[in-house]
Structures are given as structure tokens and as C-alpha cells.
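# Working through the structure, step by step
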Amino acid sequence: MLRIQSENVWWRGCLQPAHLDIDNGRILSVAEGKANDADRDYGDMLILPGFIDAHTHGNNGVGTLTASPEEIARWQREIVAEGVTSFAATTATAPFEENLAALDRLSGCVSRDADGSVGAEVLGIYVEGNFIDAGHRGAQDVASIVEPSVDVLDAYREASRGTIIRMILAVEHDADFKVLKHAVSKGIGVSVGHSGASYEQVVEACSYGLDGVTHTYNGMASLHHRHPGIVGAAFDLAMLYAEIIADGHHVSWPAVRTLGRLKDDDHLVLVSDASPLKGYRGPLTGGIHIDEEGQFRTESGALASSSMRMCDGVRNLVERAGLPLRQAIQAATINPARLLRCDDRKGTIDAGKDADIVVTDHAFEVVQTYCKGVAMLQEGEMRP
């Protein structure tokens, strides 16, 4: 058994002195106050639920479309340095056969780290292509965009061995919402994004199970006072989870703050939308270049995912966007857990939950990350 404690444990929605006991990958108990016999006393550092990145394409040269199981394992080991203890491996719009091959490879990596020793857990696959709108494709491959199809989705599901947990859909192209209805019936969560859908179309899609907006503001029309569109729906519809990339490049801080103020504490979801090139020091390929602000862009100038670390995103929500601490922490923990439907075992520090925990200083610099109770960083090692 391992006992850790701090003056600032995020428990029951606030920071308070507490200690927690961990055994066999789970949190056995949490109690108020500090104990005399803790194995590790973190002083006044923050003990938080591990961060969950619900939308990420890769890290340090490892990407979902091409990575081997060994490379995915490296991604899992390295991502803990930013406090991530689990994530949804997110694909992109690619040719059909490439998607099938990628889904097959990724499926073997889902939940393979039962004891936490591998690193951050791959919760499942988030399919970002190919059912999107060409006019709002961003950096997605226009040649591989297809009309939404139940048959194609079923082929993806078969290739993934049932590990697809979420998908993106341009609902305006989904005739009679057939793909949306089918996905929901198979337990796949659906978000709208890379889409030109109207506010009214989003409202109707919600009645069939749509529950999220992919990287809000990006890959969709801007808010117009007579045509509120997807952004207006994200603002107005309480049941929609709204992803946000809080790097200061994809969305301005006033826009992040506005979204945060209009969503309650339970429906803002911080995502990295990380590029496979995040943290990579090798040569860039595929027509991607780095602009003067250090952002990945295509030849046309479109942003090609982000280089944001989740710990930095939490700090940005508080310090740059001015959102409450509670909302920022929940956006990286319990809200993505609910979005990905794993909140029965992740997202909070409570007895019975997986012992996925991140310890940070007050600037959200990562000091230690526990994946199912296994300390992943060497003593004194800080994130790069």
C-alpha cells in the first residue's frame, strides 16, 4: 500500500488537506487532514486527478495513423511528463485502407496497461475523419472526405475490434441522421466538428444523441448574430460538451473565457488536439511547417493540430483565460472522463477509482504522475 498526502488535494470539488491510500492500482480511501505515516508528503503542492486528453493525435514523432504498437507505448510513457494519465488516440481523415490498418494497430493498444506500468492508458479510439465537410476541413485531407456511411463506420468498428469510443461528424451531410443514430446505438459518442451545420441542425442532432463539439471555434463557421451555427449551439445548449484548445493560438483568450462563462463547470473539455510533431526535433514532412509563433501549419496556412501540453492548458485556462480553478481542473479531469464514458473509474480522487494522479506545483508544473498507482517520473525529475 502507498499513502500520499498534501495540504492541497483536489477532493470533493476543492483543494483541502487530505491523505489517500493506494493499493493494486486503485484508490482505497481518502481522508481529511494529513497523516503521520505518509510514504510521500507533497507539502502544499497540488494533488489532482490525472489529466485526460480526450483528443490527441500523437507526440514526439508518433502519430495514430502510422505508429506501431511499440511507438504507441513510447507515446504512453512520454505523455505522463505533462500529467496525462489516459487519452483517446485520435485519427485523422485518411484513405479508407489506411484508416483500417491504423484502427487495427491502435486497437491492440487500448487498455493494455492494466497495471499502469506502460504509462498513460489508451482509453479508446476517437475517429476524426472522414465524415466531415470539405469547406471546413482545416488541415484534413480533402481527397479522403466521404459522405457519412453506416457501412464505412461498421468497417471501421470491425477493424478497431470495437474500440472506437468517439467520432466526429458533419451532421449536415448525414441524411436522416442515420450514421449518428447508428453510432449512438453502438455506444460511440458523437461530436460535431469540421462542419458547416446550422444551429437548427445541431439542435435536431442532439435529439438523436449528439453530445459534443470538436475543438470549439475551429473547423466551423464563426458566430453570426442571425446564424449562430455550431458555436452558438455550443454556447446555448447546456448538454453539449465543448472541447477547447487553450494554447492562445487556436482560440483567443477572450473567446476561451466567453465559452467558459457560458458553459457550466461540467461541460468544458480541455483538449490538446496535439500534432504527432509535438515535441519532435526531427525534419518536418507532409507539407507541414512551423510558423514564427512555433505553430504547425499546412502549406495553405491552416493550423495543423497543436503543440500544447495539457498541464500548460490547465494553467492557461486559469491565468490567461481567467476561468475559475474548479472549471479549469474539471475541464482536464472529470469532464473528459464523462465525455469518454469512463467516469466510473477515472476523473476524480475517490475511493474505488483508478489511482491516476498528478502532482504539480502552483504553476501546474508536473512534479510526479501516478498511473494506476505507479510513479512514472524519477525523483526530482520535472517535465521537459
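Attention here is on the structure that accompanies the text. Keep in mind that this is a model prediction, so the values were computed, not measured. (Residues numbered from 1 in each chain as written. Predicted model: local features only at pLDDT ≥ 70, side-chain atom pairs only at ≥ 80, totals over all residues. Heavy atoms only, no water.)

### Side note on the overall build of the chain
Quick note on the threshold: A run of H or I in DSSP becomes a helix once it reaches four residues, and a run of E becomes a strand once it reaches two; helices and strands are each numbered from the N terminus. In this setup the radius of gyration rests on C-alpha atoms only. A globule is expected at 2.2 Å times the number of residues raised to 0.38. Buried, partly exposed and exposed residues are distinguished by accessible area as a fraction of the type maximum, computed with a 1.4 Å probe on protein chains only: under 20%, between the cut-offs, and over 50%, respectively. The contact rule is simple, with two residues in contact once any of their heavy atoms fall within 4.5 Å. Only the protein chains shown count as cover for residues, with accessible areas throughout obtained via the Shrake-Rupley method and a probe of 1.4 Å. When charges are counted, Lys and Arg are positive and Asp and Glu negative, with His and the chain ends excluded. Every charge is mapped onto a representative atom, which is NZ of Lys, CZ of Arg, CG of Asp or CD of Glu.
When helices and strands are tallied, the chain shows 10 helices and 20 strands. Compactness check: the chain gives a C-alpha radius of gyration of 20 Å against a globular reference of 21 Å for 384 residues, within 12% of the reference. Taken over the C-alpha atoms alone, the chain extends approximately 60 × 45 × 45 Å along its principal axes. Sorting the 384 residues of the chain into buried and exposed places 58% on the buried side. Of the contacts made within the chain by residues no fewer than 6 positions apart, 69% connect residues no fewer than 24 positions apart. Carbon and sulfur atoms provide 48% of the accessible area of the chain, an area that totals close to 14,700 Å². Placing the 34 positive and 54 negative side-chain charges of the chain at their respective mean positions leaves the two points 2 Å apart.

### What about the pairing of strand β18 (residues 357-360)?
Using the following cut-off: Strand pairing is assigned whenever DSSP identifies at least 2 bridges connecting the two strands.
Residues Ile357 and Val359 line one face of β18 and the alternating positions Val358 and Thr360 line the opposite face, and both faces are buried. Pairing of strand β5 (residues 46-49) with β18, which is carried by 4 bridges, proceeds in the antiparallel orientation. The residue of β18 that forms the bridge with Pro49 is Ile357. Relative to strand β19 (residues 366-371), β18 is paired through 4 bridges, and the arrangement is antiparallel. Paired with Val358 across the bridge in β19 is Thr369. What sits between β18 and β19 in their antiparallel hairpin is a turn of 5 residues, with Phe364 showing a positive phi close to 65°.

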